[in-house]
4 protein chains.
Amino acid sequence: MRLFARFSQGELRLTRIEAFSDGVFAIVVTLLVLELRVPALKEHASVADLAHQLIELTPKFLSWLLSFIIVCKFWLNHHHVLGLARHADYGFVWLNSIFLMFQSFIPFPTALMGEYVGNPLAVSIFGGVFALNTLLFLALQAYIVRRLIKPELKHTQDPHAIRKAFIGPASYLLGAAAAWLSIPAAFAIYFITPLFYITPPRPYGGAKSKSK
Amino acid sequence: MRLFARFSQGELRLTRIEAFSDGVFAIVVTLLVLELRVPALKEHASVADLAHQLIELTPKFLSWLLSFIIVCKFWLNHHHVLGLARHADYGFVWLNSIFLMFQSFIPFPTALMGEYVGNPLAVSIFGGVFALNTLLFLALQAYIVRRLIKPELKHTQDPHAIRKAFIGPASYLLGAAAAWLSIPAAFAIYFITPLFYITPPRPYGGAKSKSK
Amino acid sequence: MRLFARFSQGELRLTRIEAFSDGVFAIVVTLLVLELRVPALKEHASVADLAHQLIELTPKFLSWLLSFIIVCKFWLNHHHVLGLARHADYGFVWLNSIFLMFQSFIPFPTALMGEYVGNPLAVSIFGGVFALNTLLFLALQAYIVRRLIKPELKHTQDPHAIRKAFIGPASYLLGAAAAWLSIPAAFAIYFITPLFYITPPRPYGGAKSKSK
Amino acid sequence: MRLFARFSQGELRLTRIEAFSDGVFAIVVTLLVLELRVPALKEHASVADLAHQLIELTPKFLSWLLSFIIVCKFWLNHHHVLGLARHADYGFVWLNSIFLMFQSFIPFPTALMGEYVGNPLAVSIFGGVFALNTLLFLALQAYIVRRLIKPELKHTQDPHAIRKAFIGPASYLLGAAAAWLSIPAAFAIYFITPLFYITPPRPYGGAKSKSK
């Protein structure tokens, strides 16, 4: 169709797309802290009162920590994948925008889980949102690898990389399901999942990746 | 007048204007999520209570989604139009600042419509603000095309482009008017309007646009 | 003293200082809108109720508008002045940081004036804060012109520019004083003051400023 | 171990890491002002009422000022240290992310100390968080100096610099301890500590540092 063809037109400067994306990532991770509200105490509250109230915030601290690490991981993978592209077209910009939309949504499920940590629905929504974010990121990655990759990097890509990457969303969904049986199990799965993505992808085959 | 002449003086670096604009766009889209407040429930609320409260948030989710997409569209068109300019002068910077002022205003009508979705005034203010934003963007575009365009791009511009572009504000105003008859009709118009602007402008005449 | 000498050491990259400053400016102008809170109405409030509540927000809209324009003006002048510097040293970075500190403070007096528009103290604090900001900006400008200016621009600077620039803080302080007699007079002065700074500085003497 | 070896792989562009970091720094310093809430007064409150309420905010103003200056100092040192690196690897990115995580946490202890300035626990948490931030920064610095330093800068580094730098965390912890005896003493220590870091590091040995 002609309409779809037009999405592959237009060469956009990657620098401005990166600047906009970096802005969104930086704001998302920093806004997360706004959910850590200072507890409201009566005047002349004792040290013990304050300590007690701060300990009550533990689920909020954990949710904050978890979301911060995962958004940093997305930022890092985004950085890696955009480095593969030779330029950007409109299709890429829109996939990126939708991905950023759900990145910017992350403070909501984070606050929800922090507030209602004993409620399986709140905890499983958290996993669902991160599964969706990972899927959107994989769509962005697939689009770049298939249509916008720098010619010299074409042969360094593992053709099964995307398929293997589905372990991410599957793991978040597993955590979301586990929430209905055991909240700590869900938390454990959420903490383990990003660890698979914190190192650079293994170079494919025998190819020595000598990216500059 | 001498005063007006001074606005066309001063050559400003486009990179800093883009950085400032990208910052505003990124913060606007990310702040939108702050209106999605976690519902307040009594302690030990059941899964059904929470689910019910989240479903109640539907108008807020829709307003958020709509504004996010439209601001991304503005960012994309801004990116395109600034790519036409060879440099910036003070007139350009002020038009850009006023445009960004009303971009940064967007969280307010978004929250208003999300909160009072059944109130035609709230829903039509949303359309009015986006009509105003589109008009300000068109003023910025006209200023660049008439005074700051790169010489080599002069002949690739459709002289009727700006006039055709008035379909945007007209459509938002139509939605604003429709809100007084039917809220869902207004929403439908608001969702359709940005779709006209999500692909790059058609190359003008027989000219092959070979932008670099 | 040796301590002061060390502040003129260290060459810092202007690009990162600009990026940090642009970030602060962009966030300040965008946070201003957060003070425009959606009015709280009873359920099933009529159009007339909502319209009435929105009209009540007029002082907040005016404060927001005023602060937005003034911060944009500061950004523009900051952009101009940093363009004169050949590099940055530690003294410059600290002057810039203190200037940005009081820029980031602006949402507070803006909200205060929007909330208590009938209170002369609230209205005159607004003027006082902007007078302080202008003084800090002049300090930054003087530091650059005296110590960090690009050699080729040295002769294009009006030696009386800084002295003339004191009209800015004086005007804001006049507005702050006027608030105790007439609130509208204070507002009028606050609106007029930034207009003196929205065009580029007049080229000095007979020198043709051919900045690139 | 092979896992750790992979963290030293992957060459990432320093520009995007700087952009992301600058975004986080800029947002943190600007969000600090959100804790300075406009006081709630009855309608038709007198000037004296407002003045009284604003004076009550003094501890919040002091906390804001202190955190702003310290975050600017971290930004400045971050700028200096990243200038030493020839490129970035994954280990660096993760150390940087964890450092930024606790930078973004700063609004919380700032608000806590501003709200409960008479409570030794609140005041000592402030010092503890800044001690932790300084330690994380030192880890980042040590990583760069040992593994990523530009070859031409290797001999300009004082091998004892990191050890000497431990005076920072020690001083913040001293302030945290002092809070249990005297709140003003803790504040004094918090204000003095950053002053040790506001000038560039003294050039090492007899080497003339001729950085460009």
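The rules behind the values
- Residues numbered from 1 in each chain as written.
- Chains lettered and ligands numbered in written order.
- Predicted model: local features only at pLDDT ≥ 70, side-chain atom pairs only at ≥ 80, totals over all residues.
- Heavy atoms only, no water.
- Helix = DSSP H or I, 4+ residues; strand = E, 2+ residues; numbered from the N terminus.
- Buried < 20%, exposed > 50% of the residue type's maximum accessible area, 1.4 Å probe, protein only.
- Contact = heavy atoms within 4.5 Å.
- Areas by Shrake-Rupley, 256 points an atom, 1.4 Å probe, with all protein chains shown as cover.
- Buried area = accessible area lost by both parts, 1.4 Å probe.
- Polar contact = N/O pair within 3.5 Å; in protein donor to acceptor, adjacent residues only side chain to side chain.
- Expected span 1.5 Å × (residues − 1).
- Salt bridge = Lys/Arg side-chain N within 4 Å of Asp/Glu carboxyl O.
- Nonpolar A, V, L, I, M, F, W, Y, C, P; charged D, E, K, R; others polar.
- Least-squares fit on C-alpha atoms with pLDDT ≥ 70 in both.
- Axes fitted to C-alpha atoms, helices over the stretch in contact; angles between N-to-C directions.
- Parallel < 35°, antiparallel > 145°, perpendicular 65-115°, else oblique.
- Left-handed = near helix turned anticlockwise from the far one by under 90°.
- Phe/Tyr/Trp six-rings, centres within 6.5 Å; stacked < 30°, edge-to-face > 60°.
- Lys NZ or Arg CZ within 6 Å of the ring centre and 35° of its normal.
- pLDDT = per-residue confidence, 0-100.
- Patch = residues over 30% accessible without salt bridge, like charges linked within 9 Å, V, L, I, M, F, W, Y side chains within 5 Å.
- Lys, Arg positive; Asp, Glu negative; His and termini not counted.
- Charge placed at Lys NZ, Arg CZ, Asp CG, Glu CD.

Q: Give a detailed account of the overall build of chain A, specifying residues and quantitative values.
A: Per the secondary structure count, chain A includes 10 helices and zero strands. Scanning chain A from its N terminus toward the C terminus, one meets helices and strands in the order α-α-α-α-α-α-α-α-α-α. Expressed as a percentage of its 212 residues, the buried residues of chain A come to 58%. In chain A, of all internal contacts separated by at least 6 residues, the share reaching a separation of at least 24 is 81%. Looking at chain A as shown, the accessible area adds up to about 9,400 Å², and 64% of this sits on carbon and sulfur atoms.

Q: Break down the interface of chain D and chain A for me, with residues and values.
A: Many structure descriptions define interface size as the accessible area lost when the parts assemble. Each partner contributes to the interface: chain D provides 39 residues, whereas chain A provides 44 residues. Interface area, chain D with chain A, both sides summed: about 3,700 Å², of which 73% is carbon and sulfur. Summed over the shared surface of chain D and chain A, the number is four residue pairs in polar contact (both at pLDDT 80 or more). Sorting the residues of the side of chain D that touches chain A by element identifies helix H1 (2-7), helix H2 (14-31), helix H5 (90-104), helix H6 (107-115) and helix H7 (120-148) of chain D as the ones contributing at least two each. With nine residues, H2 of chain D is the single largest residue contributor to the side of chain D that touches chain A.

Q: If you had to explain helix H2 (residues 14-31) of chain B to someone new, which residues and values would you point to?
A: Working note: α-helix, 3.6 residues per turn, so residues spaced by three or four point in the same direction. Helix length check: H2 of chain B, at 18 residues, gives a terminal C-alpha distance of 25 Å against a target of 26 Å (1.5 Å per residue), a fit within 8%. Among the 18 residues in H2 of chain B, 16 count as buried, and that is most of the element.

Q: Run through the environment of Leu173 of chain C, naming residues and quoting values.
A: If you trace the backbone, Leu173 of chain C turns up in helix H9 (residues 167-178). Separated by 48 residues in sequence, Leu173 of chain C and Ile125 of chain C have C-alpha atoms that sit 9.5 Å apart.

Q: How would you summarise the interface of chain B and chain C if you had to cite specific residues and measurements?
A: Facing the 39 residues of chain B at the interface are 44 residues of chain C. Summing both partners gives a buried area of about 3,700 Å² for chain B against chain C, and 74% of it is carried by carbon and sulfur. The interface formed by chain B and chain C holds one salt bridge in total. Salt-bridge contacts for Asp22 of chain C lead to Arg16 of chain B; the nearest nitrogen and oxygen are separated by 2.8 Å. The residue inventory of the side of chain B that touches chain C, partitioned by class, reads 27 nonpolar, six polar and six charged.

Q: I'd like a description of the relation of the copies chain D and chain A, backed by residues and values.
A: Here chain D sits on chain A after a turn of 90 degrees about the axis and a move of 0.0 Å along it, with an RMSD of 0.0 Å. Such values leave the two copies arranged in the relation of a four-fold axis. The rotation axis passes nearest to the C-alpha of Gly23 of chain D in chain D, at a distance of 4.4 Å. Comparing interface residues between copies, only 5% of those in chain D also lie at the interface in chain A; the contact surfaces differ.

Q: Which residues make up the packing of helix H4 (residues 58-82) of chain D against helix H10 (residues 183-192) of chain D, and what values go with them?
A: Residues and elements named next belong to chain D. One can describe the packing of H4 onto H10 by two numbers: an axis separation of 10 Å at closest approach and a directional angle of 25 degrees. Considered as vectors, H4 and H10 are oriented roughly parallel to each other. Regarding H4 and H10, the two cross each other, and that crossing is left-handed. Taken together, the residues of H10 that come into contact with H4 (itself represented by Leu62, Leu65, Leu66 and Ile70) are Phe187, Tyr190 and Phe191. A per-class count over the contact of H4 with H10 returns seven nonpolar, no polar and no charged.

Q: Talk me through the relation of the copies chain B and chain C; I want residue IDs and the actual numbers.
A: Under the fitted operation, chain B is carried onto chain C by 0.0 Å of movement along the axis and a turn of 90 degrees, and the coordinates agree to an RMSD of 0.0 Å. Taken together, the interface assignments show that only 5% of the residues at the interface of chain B recur at the interface of chain C, consistent with different surfaces on the two copies.

Q: Provide a residue-level description of the packing of aromatic side chains, including the pertinent values.
A: The final tally for this structure, using the stated rule, is 60 aromatic pairs over all chains. Look at Phe99 of chain B and Phe137 of chain B: their rings are 5.7 Å apart centre to centre, the planes differ by 55 degrees, and that puts the pair in the tilted class. Of this pair, Phe99 of chain B sits in helix H5 (residues 90-105) while Phe137 of chain B is found in helix H7 (residues 120-148), placing the two residues 38 residues apart along the sequence. In this structure Phe99 of chain B comes out as buried when scored by relative accessible area, which is 0%. Overall, Phe137 of chain B belongs to the buried group, its relative accessible area being 5%. Each residue in the set Phe61, Trp64 and Phe68 of chain A together with Phe102, Phe105 and Phe108 of chain D is aromatic and connected to the rest through ring pairs, giving one cluster. Positioned above the aromatic ring of Phe74 of chain B is the side chain of Lys73 of chain B, whose terminal nitrogen or guanidinium carbon lies 4.1 Å from the ring centre.

Q: Report on the side chain of Thr110 of chain A, specifying residues and quantitative values.
A: Residue and element names in this part refer to chain A. Mapped onto the fold, Thr110 is located in helix H6 (residues 107-115). The exposure class assigned to Thr110 is buried, which follows from its relative accessible area of 6%. In this structure the side chain of Thr110 is engaged in a polar contact, spanning 2.7 Å, whose partner is the backbone oxygen of Ile106. Among residues more than four places away in sequence, those in contact with Thr110 are Leu32, Ser63, Trp64, Ser67 and Phe126.

Q: Can you lay out the packing of helix H7 (residues 120-148) of chain A against helix H3 (residues 47-56) of chain B for me, pointing to particular residues and giving the numbers?
A: Relative to each other, H7 of chain A and H3 of chain B sit at 55 degrees, their axes nearing to 8 Å. Comparing their axes, H3 of chain B and H7 of chain A come out oblique. Residues Pro120, Leu121, Ala122 and Ile125 of chain A of H7 of chain A form the contact with H3 of chain B, whose participating residues are Val47, Leu50, Ala51 and Leu54 of chain B. Considered class by class, the residues forming the contact of H7 of chain A with H3 of chain B number eight nonpolar, no polar and no charged.

Q: Run through the confidence of the model for chain A, naming residues and quoting values.
A: Residues and elements named next belong to chain A. Per-chain confidence: chain A averages 85 in pLDDT, with 87% of residues scoring 70 or above. Segment residues 205-212: pLDDT under 50, and two contacts once partners within four positions in sequence are set aside and those in other chains are kept. Two summary scores accompany this predicted model of the complex, namely pTM at 0.89 and ipTM at 0.86.

Q: Account for a nonpolar patch on the surface, with residues named and values stated.
A: Residues Ile192, Leu195 and Phe196 of chain A make up a contiguous nonpolar surface patch of about 330 Å² in total accessible area. For Ile192 of chain A, the location among the structural elements is in helix H10 (residues 183-192).

Q: Just give me the short version of the side chain of Asp22 of chain B, but keep the residues and values in it.
A: The residue Asp22 of chain B is located in helix H2 in this model. Each residue touching Asp22 of chain B, except ones within four places of it in the same chain, is listed here: Arg16, Ala19 and Phe20 of chain A together with Trp75 of chain B.

Q: Break down a positive patch on the surface for me, with residues and values.
A: Residues Arg37 of chain A, Arg37 of chain B, Arg37 of chain C together with Arg37 of chain D make up a contiguous surface patch of positive charge. Summarising the element assignment, Arg37 of chain D is placed in the loop between H2 and helix H3 (47-56).

Q: Talk me through the environment of Glu18 of chain D; I want residue IDs and the actual numbers.
A: All names here are of chain D. Residue position: Glu18 is located in helix H2. Its relative accessible area of 11% is what places Glu18 among the buried residues. Separated by 61 residues in sequence, Glu18 and His79 have C-alpha atoms that sit 8.3 Å apart.

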